[in-house]
Every structure is written in C-alpha cells, then in structure tokens.
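Architecture and fold: a report
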Amino acid sequence: EVETSSLLSVYENNVFFKKSSHKNEINRIKQTDFLKWFTGYCKLYLLSNFRFDEINQINNNLFGNYVSSEKDLINIINEIKINDLIKLILKQED
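Computed from a predicted structure; not experimentally measured. (Residues numbered from 1 in each chain as written. Predicted model: local features only at pLDDT ≥ 70, side-chain atom pairs only at ≥ 80, totals over all residues. Heavy atoms only, no water.)

Within the largest apolar cluster, 11 residues are counted, these being Leu46, Leu47, Phe50, Ile55, Ile58, Val67, Ile76, Ile77, Ile80, Leu85 and Ile89. Those elements giving two or more residues to this core turn out to be helix H1 (28–47), helix H2 (52–63), helix H3 (70–79) and helix H4 (82–93). In contact with isoleucine 55, not counting residues within four places along its chain, are Leu47, Phe50, Val67, Leu73 and Ile76. (Core = buried A, V, L, I, M, F, W, Y, C linked by side-chain atoms within 4.5 Å. Buried < 20%, exposed > 50% of the residue type's maximum accessible area, 1.4 Å probe, protein only. Helix = DSSP H or I, 4+ residues; strand = E, 2+ residues; numbered from the N terminus. Contact = heavy atoms within 4.5 Å.)

Here is the structure:
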C-alpha cells in the first residue's frame, strides 16, 4: 500500500508522487545575500591553494601593489572571478 504521508512512494516498481500542500516562498533578498556570501567563500577557499607570494602576485596583477592587510584579501575576493582562480590553479599544475 502506498503511504499517504510521504511525498514519494514506490510500490511494485511504480513511483507515486503526492503534491505537497506546503507553499515554497522564495526570499530573493536572502537568496541574493547567500549567493554573495557563498561566492566569496568559494573564492577564499580557492585562494587557499596558493602560497603567500603567489597571492601577492595576484594582488599585484589586479591592483599594482602587494598584500599588506586583510582589506587587500577582501579586495581580491571582491574583484577576481571564480573561473580566473580556477585557471590559475590549473596553470600551477602544469
């Protein structure tokens, strides 16, 4: 017998879906804020693949100076694209 309490049930190799009565509401502001945070987190994680001298070189290429404070790292994270970081990491492996 198909259970009525679940959203998905399988009975005799058949899949049964029950429409949820829960209304999903999307908070676009929270979604945008999370995406911005997550993107920054991913960039920081990718930056951890580099030695400090390499991060200095990235900062020099972007801004013409070397890392001297936490603000400089934040500027790198805000400016650089994830795909560019990935390309730099892959270039290291060559």
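After that view, the rundown keeps rolling.
Oppositely charged side chains may form a pair once their charged atoms are brought near each other. Applying the stated rule across the entire model yields 2 salt bridges. A salt bridge links arginine 51 to aspartate 53; its shortest N-O distance comes to 3.1 Å. Residue class for arginine 51 comes out exposed when judged on its relative accessible area of 51%. Between arginine 51 and glutamate 54 there is a salt bridge; the shortest N-O distance is 3.3 Å. (Salt bridge = Lys/Arg side-chain N within 4 Å of Asp/Glu carboxyl O.)

Throughout the structure, instances matching the rule amount to 4 aromatic pairs. For the pair phenylalanine 34 and phenylalanine 38, a centre-to-centre distance of 5.8 Å together with 15° between the ring planes defines the contact as stacked. Of this pair, phenylalanine 34 and phenylalanine 38 both sit in helix H1, 4 residues apart, roughly one helical turn. Overall, the relative accessible area of 37% leaves phenylalanine 38 in the partly exposed class. (Phe/Tyr/Trp six-rings, centres within 6.5 Å; stacked < 30°, edge-to-face > 60°.)

Turning to its location among the elements, glutamate 54 is positioned in helix H2. Separated by 2.9 Å, the side chains of glutamate 54 and glutamine 92 make a polar contact. (Polar contact = N/O pair within 3.5 Å; in protein donor to acceptor, adjacent residues only side chain to side chain.)

What follows covers the pairing of strand E1 (residues 8–11). By the bridge criterion, 4 bridges tie E1 to strand E2 (residues 14–17) in an arrangement that is antiparallel. Residue pairing for E2: leucine 8 is matched across the bridge by phenylalanine 17. In textbook terms, the turn of a hairpin is the stretch between consecutive antiparallel strands, and for E1 and E2 this stretch comprises 2 residues, one of which, glutamate 12, has a positive phi near 50°. (Pairing = 2+ DSSP bridges.)

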